[in-house]
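Overview (structure and organization)
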Amino acid sequence: MTQTCPSQSALTSEVVTLKPKMLLHACCAPCSSSVVERLQDDYDLTIFYYNPNIHPEKEYRIRRDELVRWCDELNLPLMVSDYDPQSWHDYIAGYEQEPERGERCTLCYQMRLERTARQAVAGGFDVFSTVLSISPHKDALRINRLGNQVAERFGSVFYQADFKKKGGFQRSLELSREWGFYRQNYCGCCYSLAESEQRRQQRRHPGGETD
Ligand code: SF4
């Protein structure tokens, strides 16, 4: 008669499925919410907050702290990088006056993707991505092209998507309401802040005086 040791039996009956490890760049909690919901069943996620573009520092901290609060609640691992706005200004130098969605934004995406890829390789992640394509103001094709180029240079894999599609953006609005997230009214940099202020003035005084 063959006997099975109870511990052996437990070992053989257990099926362990390991999910690929993904480092997910996040700009803020509202933009991350529906992306995490979409990916978390298939990937072992770590969130990466790296956004030297955000101005002023007070705003950077507000977005960061909201993300920290949310990740804590969900028990999601989070890595936070130092705030180094000068490195961002150096990176986009010469393109400051580009309009929103122009070349300045391409460089801004690229810088954050490069840092995420570098961190992903150093941390032994299988794949990296970014939540940036959740925004209706951001061009997913450009983000995906840059992500793939950066992945090739760093020897990593980029998960490409257009997270705003399939109801993703709408879902991020619902989740933001549910969680009571702070929602900013400009993209992040000092130039987008000025543009948003200009739009606000124009709405208040169409075709006329400004404050
Ligand atoms: S508008 Fe947004 S994406 Fe473009 S440069 Fe500024 S912070 Fe970066």
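Scroll up to find the structure this text is about.
These notes cover the structure that comes with them. Computed from a predicted model, the values in this text were never measured in an experiment.

Bringing the packing of helix α5 (residues 103–122) against helix α6 (residues 140–154) into the picture now. Remark: α5 packs on α6, axes separated minimally by 9 Å, with the N-to-C direction vectors making an angle of 40 degrees. Taken together, the axis directions place α5 and α6 in an arrangement best described as oblique. Helix-helix and strand crossings are classified by hand; for α5 and α6 the assignment is right-handed. Here Thr106, Tyr109, Gln110, Leu113, Glu114, Ala117, Arg118 and Val121 of α5 come into contact with α6, specifically with Arg142, Ile143, Leu146, Gly147, Val150, Ala151 and Phe154. Class assignment of the residues belonging to the contact of α5 with α6 gives a composition of nine nonpolar, three polar and three charged.

Taking burial as the measure, the six residues of strand β1 (residues 21–26) include five buried ones, the bulk of the element. Sheet analysis places β1 next to strand β2 (residues 44–49), joined by six bridges and oriented parallel. For Leu24, the partnering residue across the bridge sits in β2 and is Ile47. Read from β1 through helix α2 (residues 29–39) to β2, the crossover connection turns out right-handed. In the sheet, β1 pairs with strand β4 (residues 127–130) via four bridges, with the strands oriented parallel. Each residue of the ladder has a partner; that of Leu23, found in β4, is Phe128.

Across the sheet, which stays open at both edges, the four strands sit in the order β3-β2-β1-β4 with parallel pairing between neighbours. Every interior strand has two partners, whereas the edge strands, β3 (78–80) and β4, have only one. Strand-to-strand twist in this sheet, taken as the mean axis angle between neighbours without regard to direction, amounts to 25 degrees.

In the region of the ligand, the neighbouring residues are Asn53, Glu100, Arg104, Cys105, Cys108, Cys187, Gly188, Cys189, Tyr191 and Ser192. When contributions to the shell around the ligand are tallied by element, the ones reaching two or more residues are α5 and α8 (190–204). By residue number, the principal contributor to the shell around the ligand is α5, which donates three residues. Looking at the shell around the ligand residue by residue, the class counts come to five nonpolar, three polar and two charged.

Conventions adopted
- Residues numbered from 1 in each chain as written.
- Predicted model: local features only at pLDDT ≥ 70, side-chain atom pairs only at ≥ 80, totals over all residues.
- Axes fitted to C-alpha atoms, helices over the stretch in contact; angles between N-to-C directions.
- Helix = DSSP H or I, 4+ residues; strand = E, 2+ residues; numbered from the N terminus.
- Parallel < 35°, antiparallel > 145°, perpendicular 65-115°, else oblique.
- Left-handed = near helix turned anticlockwise from the far one by under 90°.
- Contact = placed C-beta atoms within 7 Å.
- Nonpolar A, V, L, I, M, F, W, Y, C, P; charged D, E, K, R; others polar.
- Buried ≥ 20, exposed ≤ 12 C-beta atoms within 10 Å, placed from the backbone.
- Pairing = 2+ DSSP bridges.
- Right-handed = clockwise from strand over helix to strand, strands pointing away.
- Near = placed C-beta within 6 Å.

This is a description of form; function is not addressed.
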